[in-house]
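# Coordinate analysis (summary)
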Amino acid sequence: MSVRTITPETVRRVAIRRQHLAADRQPPTPAGILNVARDLGCLQLDPISAVSRSHTLVVFSRVGAYDLKALDHLQWQERALFEYWAHVASIVLTEDFPIYDIRMRNYCRGEDGWSQRVREWVALNQQLHDFILSEIREKGALMSRDIEKDAHDPDTWVSSGWTSGRNVSRMLDYLWSSGVIMVAGRKGGQKVWDLTERFLPDWTPRAELTEREVTRQAAQRALRALGVAAAPHIRNHFIRGRYPDLPAVLDDLEREGAISRVKVGGDKRVWYIHNADLPLLDAVEAGDFNGRTVLLSPFDNLICDRARTELLWNFYYRMEIYVPADKREYGYYVLPILHGDRFIGRVDSNYDKKSQTLQVHNVYAEADAPLDAGRAVRGAIEELGTFLGAKAITYGNVPDGWRAAIKT
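Here the structure is a predicted model, which means the values were calculated and not measured.

### Remarks on the overall build of the chain
Looking only at helices and strands, one finds 17 helices and 15 strands in the chain. For 408 residues, the compact-globule estimate of 2.2 N^0.38 gives 22 Å, and the chain sits close to it at 23 Å. The principal-axis extents of the C-alpha atoms in the chain amount to approximately 65 × 60 × 40 Å. By the burial criterion, 52% of the 408 residues in the chain qualify as buried. Restricting the contact set of the chain to residue pairs at least 6 apart, pairs at least 24 apart contribute 64%. Element-wise, carbon and sulfur atoms account for 48% of the exposed surface of the chain, whose accessible area totals about 18,400 Å². Charge centroids of the chain, computed over 54 positive and 54 negative side chains, lie 3 Å from each other.

### Regarding the packing of aromatic side chains
Tallied over the full model, the rule gives 14 aromatic pairs. Summarising the aromatic geometry, the rings of tryptophan 76 and phenylalanine 199 are spaced 6.5 Å apart at their centres and angled 65° between planes, so their arrangement reads as edge-to-face. Of the two residues, tryptophan 76 sits in helix α4 (residues 68-77) while phenylalanine 199 sits in helix α10 (residues 196-199), which places them 123 residues apart along the sequence. In terms of burial, tryptophan 76 and phenylalanine 199 fall into one category: buried. The interplanar angle of 65° and the centroid separation of 5.7 Å between the aromatic rings of tryptophan 313 and phenylalanine 343 together place this pair among those described as edge-to-face. One end of the pair, tryptophan 313, is in helix α15 (residues 306-313); the other, phenylalanine 343, is in strand β13 (residues 342-352), with 30 residues separating them in the sequence. Relative accessible area serves as the criterion here: at 8%, tryptophan 313 is assigned to the buried category. One aromatic cluster is present, formed by Phe82, Tyr84, Phe97, Tyr100, Trp176 and Phe238 through successive ring pairs. The ring of tryptophan 176 carries lysine 191 above its face, with NZ or CZ at 5.8 Å from the centroid. In this structure, arginine 346 is placed above the aromatic ring of tyrosine 330, and the distance from its NZ or CZ to the ring centre is 4.1 Å.

### As for the nonpolar core
Phe82, Tyr100, Ile132, Ile181, Ile234, Phe238 and Tyr243 are the most contacted members of the largest nonpolar core, which has 56 residues in total. Apart from the residues lying within four places of it in its own chain, the contact partners of isoleucine 234 are Ala219, Ala222, Leu223, Leu226, Ala229, Tyr243, Leu246 and Leu250.

### Notes on the environment of tryptophan 193
Position of tryptophan 193 relative to the elements: it lies in strand β7 (residues 190-195). With 21 residues separating them in the primary sequence, tryptophan 193 and leucine 172 have C-alpha atoms 8.4 Å apart. Each residue touching tryptophan 193, except ones within four places of it in the same chain, is listed here: Ile136, Gly140, Ala141, Leu142, Ser144, Leu172, Trp176, Ile181, Met182 and Val183.

### With respect to the pairing of strand β10 (residues 271-274)
Of the two faces of β10, both are covered, the one formed by Trp271 and Ile273 as well as the one formed by Tyr272 and His274. Relative to β10, strand β8 (residues 228-230) is paired through three bridges, and the arrangement is antiparallel. If you follow valine 228 over to β10, its bridge partner there is isoleucine 273. Alignment of strand β9 (residues 259-264) against β10, held across four bridges, turns out to be antiparallel. Its bridge partner lying in β10, arginine 261 is registered against tyrosine 272. Taken together, β9 and the strand that follows it, β10, pair antiparallel across an intervening segment of six residues, in which glycine 265 is found at a positive phi of about 55°.

Rules and cut-offs
- Residues numbered from 1 in each chain as written.
- Predicted model: local features only at pLDDT ≥ 70, side-chain atom pairs only at ≥ 80, totals over all residues.
- Heavy atoms only, no water.
- Helix = DSSP H or I, 4+ residues; strand = E, 2+ residues; numbered from the N terminus.
- Rg over C-alpha atoms; globule rule 2.2 N^0.38 Å.
- Buried < 20%, exposed > 50% of the residue type's maximum accessible area, 1.4 Å probe, protein only.
- Contact = heavy atoms within 4.5 Å.
- Areas by Shrake-Rupley, 256 points an atom, 1.4 Å probe, with all protein chains shown as cover.
- Lys, Arg positive; Asp, Glu negative; His and termini not counted.
- Charge placed at Lys NZ, Arg CZ, Asp CG, Glu CD.
- Phe/Tyr/Trp six-rings, centres within 6.5 Å; stacked < 30°, edge-to-face > 60°.
- Lys NZ or Arg CZ within 6 Å of the ring centre and 35° of its normal.
- Core = buried A, V, L, I, M, F, W, Y, C linked by side-chain atoms within 4.5 Å.
- Pairing = 2+ DSSP bridges.

Fair warning: the whole summary comes from geometry, so function is off the table for now.
Encoded structure:
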């Protein structure tokens with residue numbers, strides 16, 4: 001049986017459509033946001049809010065300006081979403097609970113040195129473990145500071161990082177990773193903890209999957225989010241690095257008719273597409289693609305695999321948050337500009353909440369960026385300002401070819 005050959009352009013366009021970054025957006029409602037989360041698989045969490053929290057920007061890029069209460073409603077009232085570890089700490093779907101439950105059940109049960117050290121520390125601090133659970137069980141959802149004021153002083157967790165000496169925080173992280181407690185809300189950005197048994201809704205799936213079954217489900221979720229992907233892309237997406245037996249599982253899925261092989265240009269690797277997306281592939285190849293211009297979070301799902309981003313888009317992107325200011329090439333918090341099926345530049349910006357001003361320090365254009373894209377870039381920036389509630393947008397440096405369209 002012959003293997004279908006497709007172009008990198010087609011791969012880009014399928015990915016953009018699968019990730020709701022084409023013109024046909026989801027509505028800015030809880031239902032629309034849930035559809036976005038379902039197709040992406042997860043929304044990465046990150047504490048930096050130079051513009052807005054990353055997960056809120058990821059949703060914005062797909063639905064446009066929306067009320068943050070809609071996302072809060074899904075997470076804290078409907079509880080269709082919860083916070084756990086996907087490829088990093090993320091907001092994930094409650095309907096996918098069995099995919100995460102295996103990590104909870106197996107957390108720190110390995111024979112590696114780190115797991116043994118954690119178990120030893122927990123055993124040594126059993127009093128703190130029991131105290132935290134009794135406080136939450138008896139008093140209801142609590143923040144760490146509520147627990148810390150009454151906590152005992154057990155042996156210190158020793159590390160070279162930020163957890164050193166933070167016993168309550170470290171134990172909360174252990175209980176969260178083990179699935180005993182969950183983030184049940186946030187107050188001023190601070191986590192509110194409650195028992196998992198009280199937080200999760202009754203309809204939560206409870207099947208205890210094997211590692212092979214998790215790989216089977218998660219690999220399909222990752223492939224559908226990516227659109228078309230080679231095995232390394234699947235392995236680096238969604239539950240990054242936690243795909244045991246992935247080659248064998250992909251062989252099984254192909255044999256069963258769930259996925260199909262494709263060739264991408266001259267790349268010699270095996271690429272796959274989920275058979276549910278073959279109609280989309282046909283449509284894109286027939287010219288059904290209507291892109292738009294939008295700014296993405298630095299941690300957006302489309303570009304979280306930097307190597308894949310360079311391969312398909314020829315776009316090199318790295319965060320420079322920890323680079324000294326005088327050594328940064330682009331800036332502290334830089335948003336890539338997606339224009340149709342290409343990345344054409346970046347926006348170095350921050351949002352000043354006090355003055356309600358979106359400060360655009362620099363706009364950068366890629367070497368091959370179209371000169372007539374300035375108006376579309378300005379529109380994307382203004383749409384971001386609307387989402388943030390900005391009363392003003394200020395501009396610093398702008399590329400010559402776009403200056404007239406942007407700084408008017």
